[in-house]
Each structure stands twice: as structure tokens, then as C-alpha cells.
Amino acid sequence: MALEPMLKAAQDRGMKLRTRLVAGFFALVCFGGLVARLWYIQITDHDFYAGRASGQQLRDTVVPAPRGDIVDTNGVPLAVNATCWTIRASPREMADEDVEPASRALAPLVGMEYEELYGILSQRSSNDALLLRRADRETADAVRETCAENGWEGILLLEDTKRWYPEGDFAASLLGFTNVDNAGMAGLELEYDQQLTGTSGRVLSAKNAWGYDMPTDYDTYIAPVQGNTLQLTIDVNVQHYLENYLSYAVKAYNVSQRAVGIVMEVDTGRVLAIATKPDYDPNEPRVLADEEARALVDSLSGEERSAALQLAQQTQWRNKAVSDLYEPGSVFKLITCAAALDTGAVSPSSTFYCGKAYKVAGIPFHCANHKSHGAQTVAQALANSCNQSFIQIGQRLGVQDFCDYFEAFGLQGATGIDLPAEPKKSEYYTAGRMGPVELASCAFGQSSKITPIQMITAVCAVVNGGNLMQPYVVEKITDASGNVVSTTGPTVRRQVIRPETSALMCEMMEGVVDGGSGKNAYVAGYRVGGKTGTSQKLDSEDEEARIASFVGIAPADDPKIAVLIALDEPHTFANGGGALAAPVAAQVIEETLRYYGVQPQYTPEEQQRLENQVPAVTELPAEAAAAKLQEAGFAARVVGEGDTVRAQYPAAGQTLPRGSTVLLYTEENAVRQVTTVPSAAGQTLDEATETLHAAGLNIKAEGAAEMEGAVAVAQSSPAGEQLPQGSLVTVTFYDYTVPADEDVKMD
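Residues numbered from 1 in each chain as written. Predicted model: local features only at pLDDT ≥ 70, side-chain atom pairs only at ≥ 80, totals over all residues. Heavy atoms only, no water.

## Regarding the overall build of the chain
Helix and strand content of the chain: 23 helices and 31 strands. A globule of 747 residues ought to have a C-alpha radius of gyration of about 27 Å, yet the chain, at 38 Å, is considerably larger. Here the chain holds 747 residues, and 49% of them are scored as buried. Within the chain, contacts between residues separated by at least 24 positions form 72% of all contacts whose residues are at least 6 apart in sequence. Total accessible area on the chain is roughly 34500 Å²; 51% of this is exposed by carbon and sulfur atoms. Taken together, the 58 basic and 95 acidic charged side chains of the chain have centroids lying 9 Å from each other. (Helix = DSSP H or I, 4+ residues; strand = E, 2+ residues; numbered from the N terminus. Rg over C-alpha atoms; globule rule 2.2 N^0.38 Å. Buried < 20%, exposed > 50% of the residue type's maximum accessible area, 1.4 Å probe, protein only. Contact = heavy atoms within 4.5 Å. Areas by Shrake-Rupley, 256 points an atom, 1.4 Å probe, with all protein chains shown as cover. Lys, Arg positive; Asp, Glu negative; His and termini not counted. Charge placed at Lys NZ, Arg CZ, Asp CG, Glu CD.)

Next comes the structure, spelled out in C-alpha cells:
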């Protein structure tokens, strides 16, 4: 009996041991699983859970970096940043009772309908919603004040930047524009987008268990870094000259397909100005600047309107100077001439004959208006823009040499200018595809299509001693601290022609302006050379479509600048480059040379028409007053019976051309004599001078007044206006009978 208790006790001990072992085993399994899970969470999958924790504990707000500025060569800002605000909402932070009144008050401020904003703020689990981007200061202040007055939480105003172009529609096709995300979409903004884009900053804000922001003591701020600044070769003064005169030409001559202008330093390839007109305001790039285009788009609806709007926008954004191929016309004769002289295929003394027509493979070619120039030298053929002579020059040059020089002048492929959308290839005949007829038409500028930037770059090589330069518009890039990141300087791509050939071409180009088709590019006091062009648009449905162009260089004896003007489809009294484009180039050349301090050198004839300030002669005896005026180069006319000058007109300090007349009034309170302005339209300089002097008026001559055949085409005061005698009337003279050197290849 005593054994049973002992057995029972042993059984109890065994059961307890097994229980302990099982419990220990399960505890070990659970602990091991927990350790394994903790290892997995903390070590293996640490990044995932750390990210989830940060998302619950922190609000990460991006602080956009401002783009780098774009400035001209003198540091004048062209593209900068303006402060704006992004308005966002955190609906979960707004009290339920505030949703409805906040929606009503804020909807008109952020440009939303009440229902739309109410729907956003009613999403109570939402932590972030965009309400408005690029809000101006007035809007941001109004939202901030409204929320503060009512104690509403959950509306966030984040300071941001947007692109601002201080000059408006100035250099627009060059600068381009940005989208709402501040990314470059066109022009330099697109080409240099990576350089201009800065490094965004961040604000890390701690959140409590309910998802609300904790005090700012828990914020971490990482400042954004502004993008790099571009300093251009562009000079705003030269750019203004170019755009002003180009815009005037577009309106005056009704240029339907826009106009192009480029000013380049011939020795360096630096682009001083480049424009396409009309263009647009990059502050509002999607608004059509052309009123006719806008009216046409507005007259449409649906998909048709959308397609027309997109096409019109793409057209106004397009930089024709770099992106569009065109027929250069007779301007290209400079290339043919330079190549033929450089190879020795022709010499300055070579002669050619221009008759009624010149046949090539049975096809007759003629000059503009079927004019026959007779026997001519190379210089005369260039001055007269003679198609027939240049066909003969091209034949002497030969297909292979013609194509070799076409390539050497950089006319087959892109120039590599640092602007977007430049075509990789031109349209041209290779030597294997060029027959006698193709060579004939190419020699005087038809049948090939190149870009304006290619044309002016090649012309610079013609006149700068023969070096083909790399054109460029950005000369320096600096970071936000002002450190220089990179610089660009003149780069010679190759030597194309000999310096002797280049000097001869400069001399011949001056002859084009002095007495040839480019006489309207004459600028008093400066030696200007150039070449006119009037090309037929062979791929246009309009058989009358023409491009009037002119390229000018100055000073002709030591060229510093080249100017190219191309008017695409002018609709006016003429369509020739000599009549329409040459005067524009002359105005740009004169303004630019004066700006750069190039002193004019006047001929004796020009000296007589120089301006001077009218001296003060009141209270002087009449005879002494007249003598003082004569010393200054003016004539005097005494009005009245007194001995002393009581008043004078024009007044002292006014600038007048020498030879002008100043009226001297010798009686107190004398009534100033008036006259009726006569019309000088169609008169030569001498005739207009006589007409205005007879009416008691002075004349200031502008344009090609000194050139043979030039007549008055405009005057500052219209005929019939009443002016005081002695007033100055500015009269513009051009020769609009200059042959259009129309490059039509066959009868």
C-alpha cells in the first residue's frame, strides 16, 4: 500500500516535467518566431517599414528651386524668376463645420466652382490636394487673410517661383518659354534646361498621432539651390534696333509669312541679335499674338479649332532664323562668286555676256524683268545681280568644285548653333545628282534650301578672311554663387577661301551698294557692302510668292558686323530685296555701328548735310546773329523791322542739318509765321529740298538720299499740315525701281 503513493508522486513529477518541457518548447518557438519577425522587420525589411513610419510621422514638402537667370552680354536680365504661390489643402486638418463656409469663401479666390472645392475639402481622409498653382501675391494674400480671419486650418500657401520675361515680346523666339512646372519648352529655355534647372529643397515637418503638423520646432529645412545663369552674346540694344525695324517692315510691307533678322560679328560668330517677327509674349506663350491668326482660330469650333490653335501656336513659337529652310536667292551669288574666284575659275577681269536669254540644255534662263545687261565683269555681274552671268560663272566653276565649296561653307548640314530645332541637313543637289540645269539654277541661288543662320555664317566666312566660324549665343554660364561653370569663345571650323579672295569679295560687295542693286543700303559716313536677293518659293502653291532678302556688311573695308534681313512673302508695291530688305538692313547697320562707337567718315557731299546745334542768338543785333548762325553752318532770315533779335525759330539747342534756315524775329510779340507742308513724294533730293525750302521749311534727308534714282517715299509731316516756318521735315529716300533680281530660272 505504501508503494502506490510513491508511484503517484513519480507520475506527477513526470507530468510536470513534460508540461514544463512542452511549455518551454512552445515558449522557445514563440520567442524564436518573435526574434525572427523582429529581425525581418528591423534588419531585412528595414527600409520598407522605416518609410511607412516616416510617412506617418513626417510631412515631406518639396521647395521648388528657382531657374537660373538669362542675361544679355551686359548683364541686362531677359528671363528671371517672379515669386508666386501654390495653394494646397489638407482636408483632414479642417474642422467639419468649416468645410462648407470655407468652400464658399475660397472658391472664387482659387478659380473654382463651389461644388468642386466642397468636394475636395469633404474628402476627410485626404492629406493633400492641389487648389491653385502660380497664384499671384494678391490672390495669396486674400486666401491667407480669409483663413486667418475665420480661423480655418488645412489651407497651405507654399511660396514658389514662375518664369518672368521683363521685356515681354522681346527676343521671344530666342529665349523660348517654360511650362507650369518651370521646365523649358522652346528656345534657350529648352536647349539649356538642365543648366537652368536648380536643385529643389525640402521641408520635413513632424506630425502627431492624428496626422496634424507639430510645432515648427520639429521642422527640418533644406534650402533649394538656384539653377545656373546664362550670359548671352546678345546685346539688348542691337536686339532692339533689329526688332524695331523688322517689325516696322512686317507691317509696312504686309509680310504674311513673318520676317527674319540676324546680326553677327563676322570675326567671332557671336550672334549680337536674332529675331523672328511677329513672335509672341513668352509670359503668355499660348496666347496668339497675331490678331488675324487669333480671329481665324476663334471663328472655328470643336476639333477643327483645336487643330488650328495648335498649328498657330507652333508657328509663332518657331524660330525661323534657325529652324526654317528657305531659298536664299541672289544672296547666294556671294558663295558662287567667292568659290569661282578662289579656285581661279574666274578672275576679276573675266567677262560674261547677258543677252535676252541664256540656254542650258535647251532651257532658256533670263534675268529679272528680262533685262539684258550686255558684257560684264564679275564685279558688274554681282552689282547687277545678273543670273545669266552667274550661270556662266557656275559652269566655269564646275559641278564638283561647286559642291565642294557648298560643303566647305557649311551649307550642307547644321551649323551647330546652341539653339534647338536646327535641321540636320539642308536641301541640295549632290555632285552625282547635279546636271547642267541644276548647276545653272543653283549657281544663282535657286534649287537649294538652307537656313538663315547658315547663310549669314557663310557670308561671314566670305568677308572675314575666309574662316568659317561656329555661331553661338551663350558665352558664359555661372552657378548660383557666381562661379564660372563654362565659357564659349570664337571657334574656327575651317579655312574656306584665301584672305586675298575675301578682300576682293568685300570690295565687290561694296560696289553692290555704291551703284548696284543694293543702293538702298547706303548709310552716310559708312562704307557698306552687301547683296540683294529675291527668291521664288518654288514649293509654294502661290506662283507669286517671293522672299525679299538682303545681307549687309560694315565697314566694307574691315567688316565688323553682318546683317541678314529676310521678308517672307511681302505684299506691297514691290517684292525685291533691294527695295524692301536693304533699307531695313541699312537702318540696323547705322544704329549698330554708332552704338559700338564706329566713327563715320563723311564725303564732302555728306559733310554739307551734317547736323549741328542751333546757337542762341536772341538779344543780339540782327547782323551779329546772322553771322553767328553762318559760323554754325546755318542761314538766317530776318522777320521784322527791328535791329535786335527778340525771338528765334527753331529754338537754340535744336539739331538741324547744316544749310537749314533759322528765322530771326526782331519785333516784340511777333506772330510766328506758319506755312502749309507740301508733298515731296516721288521727288529727288534736290527737288524735295527746293519744294520744302519754297514753303519756308527745312529738310532732313534719310535713307539712300545720295544715291542715283532715289526719290522721296515718306515724310515726317504729311502734306497739308500747318507748321511754323523753319520747322524741320524729315524725308526718307529710296530707289524702289531697283530691279528685283528675281531668281526665276526659266521662261
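There is more to say after this.
## Some remarks on the packing of aromatic side chains
Tallied over the entire structure, the rule returns 13 aromatic pairs. An angle of 45° between the planes, with centres 5.9 Å apart, marks the rings of F332 and F406 as tilted. Highlighted residues: F332 in the loop between α12 (320–323) and α13 (333–343) and F406 in helix α16 (residues 399–408), separated in sequence by 74 residues. Of the two residues, F332 and F406, both sit in the buried class. In textbook terms, an aromatic cluster arises when at least three aromatic residues are bridged by ring pairs, as seen for Y253, F573, Y734 and Y736. Between R104 and the ring centre of Y114, over which it is positioned, the NZ or CZ distance is 4.1 Å. (Phe/Tyr/Trp six-rings, centres within 6.5 Å; stacked < 30°, edge-to-face > 60°. Lys NZ or Arg CZ within 6 Å of the ring centre and 35° of its normal.)

## Brief notes about helix α11 (residues 302–317)
For α11, with 16 residues, the first-to-last C-alpha span of 23 Å sits near the 22 Å given by 1.5 Å per residue. Restricting attention to buried positions, one finds in α11 the residues A312, Q313, Q316 and W317. All buried residues of α11 lie within an arc of 125° about the axis, which places them on one face of the element. α11 presents E303, E304, Q310 and L311 as exposed residues on the side facing more than 90 degrees away from its buried surface. (Expected span 1.5 Å × (residues − 1). Arc of directions from axis to C-beta.)

## Looking at the sheet that holds strand β23 (residues 635–639)
Two pairing modes exist for strands in a sheet, parallel and antiparallel, and in both the strands are linked by backbone hydrogen bonds. One open sheet holds the 3 strands; their spatial order is β23-β26-β24, and the pairing between them is mixed. Whereas interior strands pair on both sides, the edge strands pair on one side only; in this sheet they are β23 and β24 (647–649). Direction aside, the axes of adjacent strands within the sheet are offset by 25° on average. Here β24 runs beside strand β26 (residues 661–665); their pairing, made up of 3 bridges, is antiparallel. Bridging from a neighbouring strand, Y649 pairs with L663 of β26. Here helix α22 (residues 622–631) sits on the sheet in contact with β23 and β26, set at roughly 165° to β26. (Pairing = 2+ DSSP bridges. Axes fitted to C-alpha atoms, helices over the stretch in contact; angles between N-to-C directions.)

## Some remarks on the sheet that holds strand β28 (residues 698–703)
One open sheet accounts for 3 strands, arranged β28-β31-β29; its pairing is mixed. Edge positions in the open sheet fall to β28 and β29 (711–715), since each of these has one partner strand only. Between one strand axis and the next, the sheet turns through 40° on average, direction left out of account. Pairing analysis gives 6 bridges linking β28 to strand β31 (residues 728–734), with the strands arranged parallel. Residue pairing across strands places E702 opposite T732, the latter belonging to β31. On the sheet, helix α23 (residues 685–694) packs against β28 and β31 and is oriented at approximately 155° with respect to β28.

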